[in-house]
Amino acid sequence: VWRFYKLFAAPVLDEKSIREDLYGNKAREEKMRKRQLELQKIRDQKRVQMDKQEKEYLAQSSLTNGDAMDSSVNGTITAKSREENLKLPRQAILNNTDGSGAPSSAVDSEQSQQPQPPVDRTLTRLVQDRMYGLTRSPEGSIQYSTSLLDSSRAVQFREGVRLGKALTINIDRLCHFAKKDLSHNKLEEAQENYLKAQELDPTDGRPYLGLSRIAQRRGDLKYAKRLLKEGIGKSSGGSVVVRGPVSTGKKKKGKGGNNDRRGKNNKDDADMEEEAPIIGHIPDLGPNPFLLQALGTLEQKLGNLATAEELYLQAIRSRPSHAAAWVSLAQLRTKKLRQGAKAGRACYQSAERELMRIGAKPSSFVYTAWASMEYKKGGREDDAKSLRKARELYQKALDVDPRCSVAYLGLGVMESECGNYDLAQECFEEVLTFDQRNSRVLQAYAIMESRREPRVEEVDSRRVLDLLERALKANPRDAGVYQAYALFVVELGDIDSARSLLQKGTSVNKRHAPVWQAWGVLETRYSTAKIARDVFQQGIWACAQPGGGQSGGRRCARLWQAWGVLEAREGDHAAARRCFSRALDADNRNVASLTAWTLMEAELGNFADARSIFERGLRMFRGPSADKTALWRAYEVMEERAGNTMEAQRVFQRSMGEAMSESDEITPENPSTEAEDLLTASKLKSSKKGEVEVSRWDTGSNELDSEVWMNNGSIEGKVPASTMMKLKNRR
């Protein structure tokens, strides 16, 4: 009869495996314990033997004190007392010529007179004391310890265990290896080293900074922010070295002058220049400025511009010569707050002045950022002056650091945009001689070659593609290279390859808004509007910032603007207004969104709404700047095209009057009014009581029935409930 259990074999008991599972761990632990006891017994025997040999050696050396020979005759040194016996190794080392602890001429005679111990315990103690900063009494017991540099870092030992802070060299070693692991993307190893350094010295700010960078790599911005705040609270302030003038001004002058862009002579100058003497130290006036500047950068990424500016100012007040804080403050005010060149120039001049005040070496980082600002923020009438100033600043940066890749890159991009392709090529080639894997330089080099005139398509295209391939090989996760590669492929007519490159760019860096925008614009021109809407929506979801609200933050402003242009092109003007409204909610100084919205309203004949949008945008720019000048020009052109000559003249007169009037210059040490407005707006957005949402996104753009609320130029996504009741009563 067939049975179901016959399909399975009979169980077989493995006695060896069962015994291993039941008693294997216990047996191994017992074997390990016995082995440790044997090793401990061997170590105790060796220790007793070493102590015995040391006592015999000290006894023999004390018996020979009366018969010590003159050191001037035979070159040997002997101790006359037990207290001087501890000083013997140091003197022996000073008189040593062959590394044996005694002069080479008396080694044989000394070995014949007294026996040599197998281990010089006194010399071992001396080396140990110098390495760990120990101080012993004449009897050999540990009294106290200090770092020998700062009396406030004095620590004590108890039974040979350090009770206070470790030496700085130990923290330097751990932070060095952690930084090296972080550069190779080994986050676990870097975190382990930083945690060890933090445990050794909780007041050192470098472990907190490194751990926050690891948290940012993992996408945990809140934890990174908490680490920086903890470091600011626990870390102690440092000091700045003040150097005096160089006594002998021996410095070679370069032969190339301003035309020698390669800086070969400057490297020799740096070698020949003598270092200035140290005349003192200036302690920090507040918390750690490096952590304050890093926290400000993180707040700027989160969209909290007012908080970021305040943190930069705190770092500057703590250490006025902190160049990174000055550069971050200048870039925040000129790029994010859209202030004019005067605001950034004041910050860079202050950084240069503070570095000169303490006698420090000029910073190439300051000069490079300053040159980029002068070139990009210069007015139309000052184009030649700004260009000349930018060249001088780039040359100063190269004088300070002849191998500054950023200075060569900025100078090459500027020369290529001015049409000086040969000079730009020299700059790029010079960088690639010592920095071959710089993807940004390769990308800029490729873009320059694609713009070169006259163009020979076969030769230029092949060279551009080779440079872009080298850039991707150097940094496969650089989304900007994929964007430039795709745009060039579009010029060659291969739309499918460009689409795949942009899709690859969004996969390697999901938060890169320009790649999403380029992909959406590509689908707008060469595909359907539905696919383009889907790309813009995915980009907004990927690039949204934690504190960006419904609009997603400043990163999403360009995506909302491109989406609005798409809807205006498709004829859905209500949806376009919503997109432009969200773009201005994300960045209220976005000139592209303002001009695109006003252009659409002017084409529809809604000149009143267009004027109100222009007036609202102009009020957001407090001081004169290139962006505000462009906005005035767009306002004037709109009135001219509409046939309103008087209105156009009035707009032109207003713009000229504002440019000629003395504007309130922002002092670099005080917060700007734009930041105060942003802080007030963020507080208003945080309070959600009694607010009703007016504009709401549904599933499709063609099914949007609601309208954006506009009243006398007010463009908002939310309005108070009391205002809504007043509007209903009026109807």
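Not measured: the values here are computed from a predicted model.

Peer 1: Help me understand the overall build of the protein in this model?
Peer 2: Counting its regular elements, the protein contains 33 helices and 10 strands. The proportion of buried residues among the 731 residues of the protein is 40%. Counted over contacts in the protein with a minimum sequence separation of 6, partners at least 24 positions apart contribute 57%. Per element, the accessible surface of the protein, about 43,100 Å² overall, is 51% carbon and sulfur.

Peer 1: Explanation requested: a positive patch on the surface in the structure shown.
Peer 2: On the surface, a cluster of positive charge is made up of Lys335, Lys336, Lys376 and Arg558. With respect to the helices and strands, the residue Arg558 is situated in helix H26 (residues 557–570).

Peer 1: Honestly, unusual backbone geometry in this entry has me stumped. Any pointers?
Peer 2: Peptide bonds are trans in most cases, and residues, glycine excluded, mostly fall at negative phi. Although it is not a glycine, Asn185 adopts a positive phi angle of roughly 65°. Within the secondary structure, Asn185 sits in the loop between helix H7 (168–183) and helix H8 (187–200).

Peer 1: Mind showing me how you'd approach the pairing of strand E5 (residues 239–243) here?
Peer 2: The two faces of the sheet receive side chains in turn, since in a regular strand these alternate between them. Side chains of E5 alternate between two faces, with Val240 and Val242 buried and Ser239, Val241 and Arg243 left unburied. In terms of strand pairing, E5 meets strand E6 (residues 278–283) through 5 bridges, oriented antiparallel. Pairing of Val242 across the sheet is with Gly280, part of E6.

Peer 1: How should the pattern of salt bridges be read in this particular structure?
Peer 2: Opposite charge on two side chains allows them to pair when their charged atoms are near. In the structure shown here, the tally under the stated rule is 30 salt bridges. A salt bridge links Arg47 to Asp44; its shortest N-O distance comes to 3.0 Å. You can see Arg47 and its partner Asp44 sitting in helix H1 (residues 15–63), 3 residues apart, about one turn around the helix. Take Arg47: its relative accessible area is 46%, and that puts it in the partly exposed class.

Peer 1: Please clarify how the side chain of Arg589 should be interpreted in this entry.
Peer 2: Relative to the assigned elements, Arg589 resides in the loop between helix H27 (573–586) and helix H28 (591–604). A relative accessible area of 1% means that Arg589 is categorised as buried.

Peer 1: How do you make sense of H28 when you look at a structure like this?
Peer 2: Owing to its 3.6 residues per turn, the α-helix brings residues three or four apart onto one side. The terminal C-alpha atoms of H28 lie 20 Å apart, and with 14 residues this matches the ideal 20 Å at 1.5 Å per residue to within 8%. For H28, the full list of buried residues reads Val591, Ser593, Leu594, Ala596, Trp597, Thr598, Met600, Glu601 and Ala602. Just beyond H28, the residue with positive phi is Gly605, at close to 90°.

Peer 1: Help me out: how do you make sense of the side chain of Glu354 in this one?
Peer 2: Residue position: Glu354 is located in helix H15 (residues 341–357). Since its relative accessible area comes to 14%, Glu354 is described here as buried. Once residues lying within four places of it in the same chain are set aside, the contact partners of Glu354 are Pro320, Ser321 and Trp326.

Peer 1: I keep staring at the packing of aromatic side chains and nothing clicks. Help me out?
Peer 2: For any pair of aromatic rings, the description rests on two quantities: the centre-to-centre distance and the angle between the ring planes. Under the defined criterion, the tally for this structure stands at 8 aromatic pairs. Between Phe614 and Tyr635 the ring centres are 4.7 Å apart and the planes differ by 10°, which places this aromatic pair in the stacked class. One end of the pair, Phe614, is in helix H29 (residues 607–620); the other, Tyr635, is in helix H30 (residues 626–641), with 21 residues separating them in the sequence. In this pair, the class of Phe614 matches that of Tyr635, namely buried. The rings of Phe536, Trp560 and Trp563 are connected pair by pair, giving a single aromatic cluster. The ring of Trp560 carries the charged tip of Arg582 above its face, separated from the ring centre by 6.0 Å.

Peer 1: Where do I start with helix H9 (residues 205–217) in this structure?
Peer 2: Between its first and last C-alpha, H9 extends 19 Å over 13 residues, near the 18 Å set by a 1.5 Å rise per residue. By the burial criterion, the buried members of H9 are Gly205, Pro207, Tyr208, Leu209, Gly210, Leu211, Ser212, Ile214 and Ala215. In the segment just after H9, Gly219 is the residue with positive phi, at about 90°.

Peer 1: What is the right way to read the packing of H26 against H27 from this model?
Peer 2: A packed helix pair is summarised by two numbers, namely the angle formed by the two axes and the spacing between the axes. Following both chains from N to C, one finds H26 and H27 inclined at 165°, their axes separated by 8 Å at the closest point. One way to sum up the angle between H26 and H27 is to call them roughly antiparallel. In this structure, the crossing between H26 and H27 has a hand that is left-handed. Each of Ala557, Trp560, Gln561, Trp563, Gly564, Val565, Glu567 and Ala568 in H26 lies in contact with H27, whose residues at this interface are His573, Ala575, Ala576, Cys579, Phe580, Arg582, Ala583 and Ala586. The residue inventory of the contact of H26 with H27, partitioned by class, reads 11 nonpolar, 3 polar and 2 charged.

Peer 1: I keep staring at the packing of H28 against H30 and nothing clicks. Help me out?
Peer 2: Contact geometry of H28 with H30 gives a least axis separation of 10 Å together with a crossing angle of 5°. Judged on the interaxial angle alone, H30 and H28 are roughly parallel. Two secondary-structure elements touch here, H28 through Val591, Leu594, Thr595, Thr598, Leu599 and Ala602 and H30 through Asp627, Leu631, Ala634, Met638 and Arg641. A breakdown of the residues in the contact of H28 with H30 according to their chemical character gives 7 nonpolar, 2 polar and 2 charged.

Peer 1: Is there a simple way to think about the environment of Cys556 in this case?
Peer 2: Within the element layout of this structure, Cys556 appears in the loop between helix H25 (529–543) and H26. Sequence spacing of Cys556 and Trp541 is 15 residues, and the spatial spacing of their C-alpha atoms is 8.8 Å. Every residue in contact with Cys556, bar those within four places of it in the chain, is listed here: Ile540, Cys543, Ala544 and Ser551.

Peer 1: Quick question: what am I supposed to make of the confidence of the model for the protein here?
Peer 2: Any residue range with low pLDDT should be treated as having predicted coordinates unsuitable for detailed reading. Overall, the predicted model of the protein reaches an average pLDDT of 76, with 68% of residues at or above 70. Confidence drops under pLDDT 50 across residues 65–112; counting only partners more than four residues distant or on other chains, this segment forms 48 contacts. In this model, residues 678–720 is a region of pLDDT below 50 whose contacts with residues beyond four sequence positions or in other chains number 74 contacts.

Peer 1: I tried to follow the environment of Ala634 on my own but got confused; where do I start?
Peer 2: One can find Ala634 in helix H30. Under the relative-accessibility criterion, Ala634 is labelled partly exposed at 23%. For Ala634 and Leu599, which are 35 residues apart along the polypeptide, the C-alpha to C-alpha distance reads 9.0 Å. Excluding anything up to four places from it in sequence, Ala634 contacts Thr595 and Phe614.

The rules we used
Residues numbered from 1 in each chain as written. Predicted model: local features only at pLDDT ≥ 70, side-chain atom pairs only at ≥ 80, totals over all residues. Heavy atoms only, no water. Helix = DSSP H or I, 4+ residues; strand = E, 2+ residues; numbered from the N terminus. Buried < 20%, exposed > 50% of the residue type's maximum accessible area, 1.4 Å probe, protein only. Contact = heavy atoms within 4.5 Å. Areas by Shrake-Rupley, 256 points an atom, 1.4 Å probe, with all protein chains shown as cover. Patch = residues over 30% accessible without salt bridge, like charges linked within 9 Å, V, L, I, M, F, W, Y side chains within 5 Å. Salt bridge = Lys/Arg side-chain N within 4 Å of Asp/Glu carboxyl O. Lys, Arg positive; Asp, Glu negative; His and termini not counted. Charge placed at Lys NZ, Arg CZ, Asp CG, Glu CD. Pairing = 2+ DSSP bridges. Expected span 1.5 Å × (residues − 1). Phe/Tyr/Trp six-rings, centres within 6.5 Å; stacked < 30°, edge-to-face > 60°. Lys NZ or Arg CZ within 6 Å of the ring centre and 35° of its normal. Axes fitted to C-alpha atoms, helices over the stretch in contact; angles between N-to-C directions. Parallel < 35°, antiparallel > 145°, perpendicular 65-115°, else oblique. Left-handed = near helix turned anticlockwise from the far one by under 90°. Nonpolar A, V, L, I, M, F, W, Y, C, P; charged D, E, K, R; others polar. pLDDT = per-residue confidence, 0-100.

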